[in-house]
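As a plain string of letters, each chain reads:
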Amino acid sequence: QVQLEESGGGLVQAGGSLRLSCTCSGSIFTIYRMGWHRQAPGKQRELVATITAGGDTNYASSVKERFTISRDNAKNTVYLQMNSLKSEDTAVYYCNFFLKTSWGVRTNDYWGQGTQVTVSS
């Protein structure tokens, strides 16, 4: 059993900042990659940023230079620092962990419940 708990969403004015956190707990053997995705009303879920256990990062072009993903491996936690927020960043943000629950099993994706981020213009 794997649980993901997200926090940090809310309402912010355009140009403001928010920091999202997501902690993974439960039956964890190895975490390979962590990330954030988002889904705006009427749109498909899209990748925002990912980070590997080794620290390699990847960002959607729409958030580069504004968002920063980081992780604390000891706490099984991933963060998303969002600066210079725009109205088009409004969405439900989901954290994602790609991990194994024990040796010999395949890796799987696990998702958080989502946290709402609303940017007012």
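Residues numbered from 1 in each chain as written. Predicted model: local features only at pLDDT ≥ 70, side-chain atom pairs only at ≥ 80, totals over all residues. Heavy atoms only, no water.

## A word on the overall build of the protein chain
Secondary structure assignment for the protein chain yields zero helices and 11 strands. Walking the protein chain from its N terminus toward its C terminus, one meets helices and strands in the order β-β-β-β-β-β-β-β-β-β-β. With 121 residues in all, the protein chain has 38% of them scored as buried. The contacts in the protein chain between residues at least 6 apart in sequence include a share of 54% that link residues at least 24 apart. Within the structure as shown, the protein chain displays about 6600 Å² of accessible surface, and the carbon and sulfur contribution to it stands at 44%. The protein chain carries 12 positive and 9 negative side-chain charges, and their two centres are separated by 3 Å. (Helix = DSSP H or I, 4+ residues; strand = E, 2+ residues; numbered from the N terminus. Buried < 20%, exposed > 50% of the residue type's maximum accessible area, 1.4 Å probe, protein only. Contact = heavy atoms within 4.5 Å. Areas by Shrake-Rupley, 256 points an atom, 1.4 Å probe, with all protein chains shown as cover. Lys, Arg positive; Asp, Glu negative; His and termini not counted. Charge placed at Lys NZ, Arg CZ, Asp CG, Glu CD.)

## Considerations on the sheet that holds strand β7 (residues 67–72)
The strands making up a sheet associate through hydrogen bonds between their backbones, and the pairing can be parallel or antiparallel. Taken in spatial order, the four strands line up as β1-β3-β8-β7 in an open sheet, and their pairing is antiparallel. Every other strand in the sheet has two partners, leaving β1 (2–7) and β7 as the edge strands with one partner each. Strand-to-strand twist in this sheet, taken as the mean axis angle between neighbours without regard to direction, amounts to 15°. Here β7 pairs with strand β8 (residues 77–82) via six bridges, running antiparallel. The partner of Thr68 across the bridge, within β8, is Gln81. (Pairing = 2+ DSSP bridges. Axes fitted to C-alpha atoms, helices over the stretch in contact; angles between N-to-C directions.)

## A short note on the pattern of salt bridges
Under the defined criterion, the tally for this structure stands at three salt bridges. When the shortest N-O distance is used, the salt bridge between Arg38 and Asp89 registers 3.0 Å. Of the two residues, Arg38 sits in strand β4 (residues 30–39) while Asp89 sits in the loop between β8 and β9 (91–100), which places them 51 residues apart along the sequence. Side by side, Arg38 and Asp89 carry an identical accessibility label, which is buried. The salt bridge involving Arg66 is made with Asp89; its shortest N-O contact spans 2.7 Å. One end of the pair, Arg66, is in the loop between β6 (57–59) and β7; the other, Asp89, is in the loop between β8 and β9, with 23 residues separating them in the sequence. Linked through salt bridges whose partners overlap, the residues forming this network are Arg38, Glu46, Arg66 and Asp89. (Salt bridge = Lys/Arg side-chain N within 4 Å of Asp/Glu carboxyl O.)

## A few points about the packing of aromatic side chains
In this structure the tally under the stated criterion is one aromatic pair. Cation over ring: Arg19 sits above Tyr79, and NZ or CZ is 4.1 Å from the ring centre. Above the ring of Tyr94, the side-chain terminus of Arg45 is found at 3.7 Å from the ring centroid. (Phe/Tyr/Trp six-rings, centres within 6.5 Å; stacked < 30°, edge-to-face > 60°. Lys NZ or Arg CZ within 6 Å of the ring centre and 35° of its normal.)

## Section: the state of the cysteines
Overall, the coordinates contain one disulfide when judged by the stated rule. For Cys22, the disulfide goes to Cys95, at an S-S distance of 2.0 Å. In this pair, Cys22 is assigned in strand β3 (residues 18–26) and Cys95 in strand β9, connecting sequence segments 73 residues apart. Classification of Cys95 by relative accessible area gives buried; the value is 0%. Lacking any disulfide linkage, Cys24 is separated from the closest cysteine sulfur, that of Cys22, by 7.1 Å. (Disulfide = S-S within 2.5 Å.)

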